[in-house]
Amino acid sequence: MHRMTKPLLAATLLLLASQGMSQGKPEAILRTEGPMVGIRLNKNHTQMAFTDQKGQSLRIMDLATQEITEVTPHRVGEAFFWSPDGNRLFYRELIRDKKDITSEIRAYDTYLNSNASIDSLGGSSGYLTLDPRDYTVYVMHEKGIMSKRLNFPGERFARWQKRAKVDQGRFVATQKSVLWLSDLGLTLNALPDDGTGVESFDISPDGKVIAWATQSAHIYMSNLGEAPKLLGRGKDPRWHPQKSILLYSAAREVGTKIYDYDVRITDTNGEGRFLTNTPEQAERWPQWWDNGNIIYTADKSTDLWKMTYQQDLAKTSKSDPNDSMKL
């Protein structure tokens, strides 16, 4: 059964600025009626998905019209991602019915403005994890690991959905830890971190490296399931679409206590620099926009910010786009 969603009023948005921004100076480009959490851009940067502060009410904003559509009112958390063609949003919602919980795997088509059911799992489940090498999605649940090739019911597979051969193994993210699935699915190992649980994660475009943030704000990286490397304190890692560099919300600390977050760019060796320095405003969920530009929001803020940065000053941005992700 397809579930149609209703657009929310675009009038709740206030366009602040869009052009003529000065080099290195962040400026707000739009404002919503409530905070935007976990923002994710589609491939062409025409649509932006986000949730509310409770990880509920998954919504999509059309960045051309600023119209917002609610995809589901249920809890989604970090369990959503855009399809590689940028037209569909895949997500896992948790449905509570008295004492029972069901995990619904669904897809939303931005062109058809419709939802389709992919699968239904009894009980709670982990994050949806997309392997970009063959576009298969994995999710841990009470009876094991479910895997499905991306599909939208009623349509033929697109070119980007054609299966590729993957021999090395795969990452599967859960709320407790990041797992490495190898030996054709016969071996499953939890990658060690600080043990506080996974808050967010991102897999590199070549599918070989994962970066994840724990609940206690430590960012780790693993190459093909090898022992994780601690990158630093922070949240919200996001890989560059071509280069082996990361954006993330880096922690500002006094001793071991975090008092703020600013956007940082870094390579896989942890060498990089801060792009922002805004006391009393915790920048969160940075996204690559285009050459020399990023967007992000701030914790509990209703503004979306855009920033131009000097690529030639960042050692981390000089990586060869053809280089494989390496640790």
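Below: a short report on this structure. All residue numbers here refer to positions counted from 1 along the written sequence of the relevant chain. Totals for whole chains, interfaces and linings use all residues, but because this is a predicted model, local features are given only for residues with pLDDT of at least 70 and pairs of side-chain atoms are given and counted only at 80 or more. Where side-chain values are given, they derive from all heavy atoms of the structure, hydrogens and water being excluded.

### As for the overall build of the protein chain
- The helix and strand labels rest on DSSP assignments: H or I over at least four residues marks a helix, E over at least two residues marks a strand, and numbering proceeds from the N terminus. A tally of regular secondary structure across the protein chain gives zero helices and 27 strands.
- Two residues form a contact once any of their heavy atoms are found within 4.5 Å. When contacts within the protein chain are restricted to residue pairs at least 6 apart in sequence, those whose partners lie at least 24 apart make up 44%.
- Note on areas: these come from Shrake-Rupley sampling with a 1.4 Å probe, and a residue is covered only by the protein chains present in the view. Counting only carbon and sulfur atoms, one obtains 48% of the accessible surface of the protein chain, whose full area is about 15500 Å².

### Some words on the packing of aromatic side chains
- The criterion for an aromatic pair is that two Phe, Tyr or Trp rings (for Trp, the six-membered ring) have centres within 6.5 Å, with stacked assigned to planes under 30 degrees apart, edge-to-face to planes over 60 apart and tilted to the rest. In total, this model carries four aromatic pairs according to the counting rule given.
- With centroids separated by 5.7 Å and ring planes inclined at 15°, the aromatic side chains of Phe81 and Phe90 adopt a geometry described as stacked.
- Relative accessibility thresholds used throughout: buried, under 20% of the residue-type maximum; exposed, over 50%; partly exposed, between the two (1.4 Å probe, protein chains only). On the basis of relative accessible area, Phe81 is assigned to the buried category, the value being 10%.
- With a relative accessible area of 3%, Phe90 lands in the buried category.
- Criterion for a charge above a ring: Lys NZ or Arg CZ within 6 Å of the ring centre, and within 35 degrees of the ring normal. Above the ring of Phe274, the side-chain terminus of Arg264 is found at 5.2 Å from the ring centroid.
- Sitting over the face of the ring of Trp285, Arg284 holds its NZ or CZ atom 4.2 Å from the ring centroid.

### Some words on the sheet that holds strand E11 (residues 114-122)
- Strand pairing is defined by DSSP finding a minimum of two bridges between the two strands. Ordered in space as E8-E9-E10-E11, the four strands form an open sheet in which the pairing is antiparallel. Two strands bound the open sheet, and with one partner strand each, they are strand E8 (80-82) and E11. On average, adjacent strands in this sheet sit at an angle of 25° to one another, irrespective of strand direction.
- In this sheet, strand E10 (residues 100-109) lies alongside strand E9 (residues 88-97) in antiparallel orientation, the contact comprising 10 bridges. Counterpart to Arg92 in the pairing with E10 is Ile105. Under this scheme, a helix contributes an axis fitted over its contacting stretch, all axes are lines through C-alpha atoms, and angles between N-to-C directions fall in the 0 to 180 degree range.

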